Amino acid sequence: MKVLAAASIKGGVGKTASAVNLAAEATRDGVRVLLWDLDPQGSATYLLRAEHHLARGGARGLVGSGGELAPHIRATSVPGLHVLPSDLSLRYLDRHLDDVGRPRRRLGALLPPLEGAYDLVVLDCPPGASLGIESALRATDVLLVPVVPTTLAMLTLTQLEEVVTARRRRPRFLAHVSMFDRRKKLQRDTAAMLAERRDVLATMIPNTTVVERMGPERAPVRTFAPRSAATAAYEHLWRELTPLLWR
Ligand SMILES: Nc1ncnc2c1ncn2[C@@H]1O[C@H](COP(=O)(O)OP(=O)(O)OP(=O)(O)O)[C@@H](O)[C@H]1O
Ligand SMILES: [Mg+2]
């Protein structure tokens, strides 16, 4: 079982869009996927039409001593894709992690019982660099950072890389261009600079209303726009990631 995390210190860069669409692409290869929504905002939970609440005990029950993931997991409308939904109790995740001890190891310690049930766990992280995110990244094989190609996004990339490389058990760090607006010269120039980095994938997700429509459609792009450029881009991104996850 591999763990792929969509994370960034920056908010609103396409983490959830990548997590949901990549999870859906993975199921097409017969990969059994669990999407774990770690963001109290619950965007991934919403997009996958799951109810915005955890089972009894909420976040405390989830990560506290004796906590288990399985009772919280729900099926989605995408065959082969399950979701571990979020709810607002996750806003206290850091406190609950602290209470249980060894907080940075805690989220990873909850995964082994799911080994036989899933091939891939996709973590949709909230923005920031909290204890909860550090705990998630410690359990992660591949960290995927969506980057909107602007100067400040480059700064965030460097900062996040520092957070990750400072630790002993570190995930593979990868970025991809997100919400790319080809009409803007600054974005084209920045994307070209990003493309020179070894840790930046070749696939760029275009800025397109198809991705925005995931909100009203409450589905991955492939479900309602299978022939769109967005679907092709997420498929391409998944093709790029597969050999890096299972090397
Ligand atoms: N490629 C894209 N083209 C156009 N709009 C996009 C694209 N990707 C994401 N969006 C839109 O931008 C907004 C933020 O996207 P998303 O929720 O995926 O970002 P996020 O990084 O998960 O945000 P947060 O930090 O709040 O969790 C959403 O309204 C989404 O529909
Ligand atoms: Mg999000």
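Please read these numbers as outputs of a predicted model, since none were measured by experiment. (Residues numbered from 1 in each chain as written. Chains lettered and ligands numbered in written order. Predicted model: local features only at pLDDT ≥ 70, side-chain atom pairs only at ≥ 80, totals over all residues. Heavy atoms only, no water.)

Caption draft 1: Fine view of the overall build of the protein. Secondary structure summary: the protein contains 12 helices and 8 strands in total. For 247 residues, the compact-globule formula gives about 18 Å, and the C-alpha radius of gyration of the protein, at 17 Å, lands near that figure. Along the three orthogonal principal directions, the C-alpha set of the protein runs to about 50 × 40 × 35 Å. Going through the 247 residues of the protein one by one, you find that 55% of them count as buried. Sequence separation of at least 24 residues holds for 78% of the intrachain contacts in the protein that already meet a minimum separation of 6. With the model as given, the accessible surface of the protein reaches about 11,300 Å², and the carbon-plus-sulfur share is 51%. Taking the average place of the 34 positive charges on the side chains of the protein and the average place of its 25 negative ones, the gap between the two points comes to 1 Å. (Helix = DSSP H or I, 4+ residues; strand = E, 2+ residues; numbered from the N terminus. Rg over C-alpha atoms; globule rule 2.2 N^0.38 Å. Buried < 20%, exposed > 50% of the residue type's maximum accessible area, 1.4 Å probe, protein only. Contact = heavy atoms within 4.5 Å. Areas by Shrake-Rupley, 256 points an atom, 1.4 Å probe, with all protein chains shown as cover. Lys, Arg positive; Asp, Glu negative; His and termini not counted. Charge placed at Lys NZ, Arg CZ, Asp CG, Glu CD.)

Caption draft 2: Quick look at the site of ligand 1. Around ligand 1, a shell composed of 17 residues is seen, among which Gly-12, Lys-15, Thr-16, Ala-17 and Pro-206 lie nearest. Interatomic distance of 2.7 Å between a side-chain N/O atom of Lys-15 and an oxygen atom of ligand 1. In this structure, a nitrogen atom belonging to ligand 1 sits 2.9 Å away from a main-chain N or O atom of Thr-208. Contact with the protein chains hides 79% of the accessible area of ligand 1, taken as 630 Å² for the molecule alone. Counting only elements with at least two residues in the shell around ligand 1, the list comes to α1 (15–27), β8 (200–206) and α9 (209–212). Among the elements that take part in the shell around ligand 1, α1 stands out by supplying 3 residues, more than any other. Split into classes, the residues belonging to the shell around ligand 1 amount to 7 nonpolar, 7 polar and 3 charged. (Near = heavy atom within 4 Å. Polar contact = N/O pair within 3.5 Å; in protein donor to acceptor, adjacent residues only side chain to side chain. Nonpolar A, V, L, I, M, F, W, Y, C, P; charged D, E, K, R; others polar.)

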